[in-house]
Amino acid sequence: MTDVTGAPADVLHTLFHSDQGGHEQVVLCQDRASGLKAVIAIHSTALGPALGGTRFYPYASEEEAVADALNLSRGMSYKNAMAGLDHGGGKAVIIGDPERIKTEELLLAYGRFVASLGGRYVTACDVGTYVADMDVVARECRWTTGRSPENGGAGDSSVLTAFGVFQGMRASAQHLWGDPSLRGRRVGVAGVGKVGHHLVEHLLEDGAEVVITDVRAESVRRILDRHPTGGVTAVADTEALIRVEGLDIYAPCALGGALSDESVPVLTAKIVCGAANNQLEHAGVEKDLADRGILYAPDYVVNAGGVIQVADELHGFDFERCRAKAAKIFDTTLAIFARAKEDGIPPAAAADRIAEHRMAEARRP
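Residues numbered from 1 in each chain as written. Predicted model: local features only at pLDDT ≥ 70, side-chain atom pairs only at ≥ 80, totals over all residues. Heavy atoms only, no water.

**Concerning the packing of helix H6 (residues 158-177) against helix H13 (residues 319-327)**
Selection criterion: In this description, a line fitted to the C-alpha atoms serves as the axis of each element, helices being fitted only across the stretch in contact, and the angle between N-to-C directions of two axes falls anywhere from 0 to 180 degrees. Strands here mean DSSP runs of E at least two residues long; helices mean DSSP runs of H or I at least four residues long; both are numbered from the N terminus. Angles are sorted into four bins: roughly parallel if under 35 degrees, roughly antiparallel if over 145, roughly perpendicular if 65 to 115, and oblique for all others. With the far helix as reference, a near helix turned anticlockwise by less than a right angle produces a left-handed crossing, and one turned clockwise produces a right-handed crossing. Only heavy atoms matter for contacts: two residues are in contact if any of them lie within 4.5 Å across the pair.
For the pair H6 and H13, the least separation of the axes is 9 Å and the interaxial angle reads 30°. Considering their axes alone, H6 and H13 lie roughly parallel with respect to each other. Here the hand of the crossing between H6 and H13 comes out right-handed. Where H6 approaches H13, its residues Val 159, Leu 160, Phe 163, Gly 164 and Gln 167 are matched on the opposing element by Phe 319, Cys 322, Arg 323, Ala 326 and Ala 327.

Shown next, in the form of structure tokens:
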């Protein structure tokens, strides 16, 4: 069923009526000459210009792409609020396989669409886009972050994303076991690409035993080759990883929906803390985790290191300043666990309450 514009009616219902909606603006972008089809979703500018990355992904349908943009942009509002940034939440998705259709012409066309928003949305890298892509987008749009240092940017934001997730893990260990050290702990990392491979290095340096998996065999091989003397083992897939005996921490670092009605009942880990966005497949999964005694570190809190980095780029990037801000994810995560205990709610709900309060306060005249 569609509305008079031809858009799927359930998408419009989500946008205007559901709890997952409430977005300020959604822009559908098309440039037939380059093949660009994109969605830019601005959830909130209450705290400042919307900031969030550009995902380039072969969605099964345009409806799926719109839904992902809505979910991801909403998550960015909460992430930026919890990170203490003066930015609202936005996200863009480009529809298609980046390995097949990504071209300079397409990225330039995309940059023109972002520029047409006049600074309401500031873009950056995400799944399927890289620093080199942002350099191209920036040629048409000054509201572009995640650029290379040679072009006035901060470079790869996955470095601080991984560092922030590591701080969230340390805080989770402190809360659950009374010690932030991960020495001797068995940590499963699902997805060892842009962020995950940096996270593995932090874990090994801290003395953890790491089990990895990735849909790309070359990503797994890169890590195993880097650490031939041990400390890292690999399993076939995520289904095997979540069932690993003696797993202390599970780190979803690929796409969203990792925590579901199917995965939570068989998960062996006592802590979930990873880099992926939108890890909870649907509302209620956070309660299922709590009922099983599994501590969940809210994804948009612990993976905020990257957005901290790209936000700093707008004001003259300083890596050490950003690293110090990302290190505070440790304290923020502990504060969320304390609020959850005080209010008798799961940590995900506690984080939402804190973020919503900050956004509400910003809207007051």
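On we go from here.
**Quick look at the environment of Asn 80**
Test applied: Between N or O atoms, a polar contact is any pair within 3.5 Å; within protein, one atom must be a potential hydrogen donor and the other a potential acceptor, and residues adjacent in sequence are included only when both atoms are from side chains.
Following the sequence through the fold, Asn 80 ends up in helix H2 (residues 62-82). The spacing of Asn 80 and Ala 311 is 231 residues in sequence and 9.5 Å in space, taken between C-alpha atoms. Leave out the neighbours within four places in its chain, and Asn 80 touches Leu 51, Leu 85, His 87, Gly 88, Gly 89, Val 307 and Arg 358. From its side chain, Asn 80 meets the backbone oxygen of Leu 51 in a polar contact 3.2 Å long.

**Some words on the nonpolar core**
Rules: Working definition of a nonpolar core: buried Ala, Val, Leu, Ile, Met, Phe, Trp, Tyr and Cys residues. They are joined through side-chain atoms within 4.5 Å. Classification of residues uses two cut-offs on accessible area relative to the type maximum, computed with a 1.4 Å probe and protein chains only: under 20% is buried, over 50% is exposed, and between them is partly exposed.
Membership of the largest hydrophobic core comes to 41 residues, with the highest contact counts inside it found for Met 169, Val 189, Leu 199, Val 200, Leu 203 and Ile 212. Every element with two or more residues in this core is listed here: H6, strand S7 (186-190), helix H7 (196-205), strand S8 (209-213), helix H8 (217-226), strand S10 (249-252), helix H12 (305-313) and helix H14 (329-343). Per-element accounting of this core gives the leading share, five residues, to H6. Leaving out residues up to four positions away in the same chain, Leu 203 has contacts with Phe 166, Met 169, Leu 182, Val 187, Val 189, Ala 208 and Val 210.

**Overview of the pairing of S7**
On a regular strand, each side chain points to the face opposite its neighbour's, so the side chains alternate between the two faces of the sheet. What counts, and what does not: Two strands pair if DSSP finds at least two bridges between them. By the criterion used throughout, a crossover qualifies as right-handed when its path from the first strand across the helix to the second strand runs clockwise, the strands pointing away from the viewer.
Across the five residues that make up S7, a large majority, four, are buried. Looking at chain direction, S7 and S8 are connected through five bridges and run parallel. Bridge pairing in S8 links Arg 186 to Glu 209. Viewed along the sheet, the connection from S7 through H7 into S8 turns out right-handed. Bridge count between S7 and S10: four bridges; the pairing is parallel.

**Topic: the sheet that holds strand S9 (residues 232-234)**
As summarised here, the arrangement of the six strands in space is S9-S8-S7-S10-S11-S12, forming an open sheet in which the pairing is parallel. The sheet terminates laterally at S9 and strand S12 (295-296), the two strands that pair on one side only. Across the sheet, H7 touches S7, S8, S9 and S10, and the angle it forms with S7 is around 170°.

**Overview of the pairing of strand S4 (residues 54-57)**
Note: S4 against strand S5 (residues 88-95), four bridges, orientation parallel. Across the sheet, Arg 55 pairs through a bridge with Val 93, a residue of S5. Handedness of the crossover joining S4 and S5 through H2: right-handed.

**Here's the deal with the packing of H12 against H13**
Worth spelling out the cut-off: Each residue is assigned to one class: nonpolar for Ala, Val, Leu, Ile, Met, Phe, Trp, Tyr, Cys and Pro, charged for Asp, Glu, Lys and Arg, and polar for all the others, Gly among them.
Between H12 and H13, whose axes approach to 9 Å, the crossing angle comes to 145°. Both H12 and H13 take part in a crossing whose hand is right-handed. Between H12 and H13, the residues in contact are Gly 305, Ile 308, Gln 309 and Asp 312 and Arg 321, Cys 322, Lys 325 and Ala 326, respectively. Class assignment for the residues of the contact of H12 with H13 results in three nonpolar, two polar and three charged.

**Describing the packing of aromatic side chains**
Our working definition: Side-chain rings of Phe, Tyr and Trp (the six-membered ring for Trp) are treated as a pair once their centres are within 6.5 Å; stacked means planes under 30 degrees apart, edge-to-face means over 60, and tilted covers the remaining angles. A positively charged side chain is recorded as over a ring if its NZ (Lys) or CZ (Arg) lies within 6 Å of the ring centre. The angle to the ring normal must also be within 35 degrees.
A full pass over the atoms with the stated rule returns three aromatic pairs. The interplanar angle of 70° and the centroid separation of 5.1 Å between the aromatic rings of Tyr 57 and Tyr 59 together place this pair among those described as edge-to-face. When its relative accessible area of 9% is taken as the criterion, Tyr 59 is described as buried. For the ring pair Phe 317 and Phe 319, a centre distance of 6.4 Å and an interplane angle of 75° mean the geometry is edge-to-face. Judged by relative accessible area, which is 32%, Phe 319 ranks as partly exposed. Here Lys 194 stacks its cationic end above the ring of Tyr 130, 4.6 Å away from the centre of that ring. Stacked on the ring of Phe 163, the Lys or Arg Arg 323 has its end atom at 4.1 Å from the ring centre.

**Topic: the side chain of Ser 219**
When you line up the elements, Ser 219 lands in helix H8. When residues no more than four places from it in sequence are discounted, the contact partners of Ser 219 are Val 192 and Asp 214.

**A few points about H7**
The periodicity of an α-helix, 3.6 residues per turn, causes residues three or four places apart in sequence to face the same way. For H7, the buried fraction is high: eight of the ten residues fall into the buried class. Considered for burial, the residues of H7 that qualify are Gly 196, His 197, Leu 199, Val 200, Glu 201, His 202, Leu 203 and Leu 204. Elements in contact with the buried residues of H7: H6, S7, S8, H8, S9 and S10. Two residues or fewer past H7, Gly 207 is found with a positive phi of approximately 95°.

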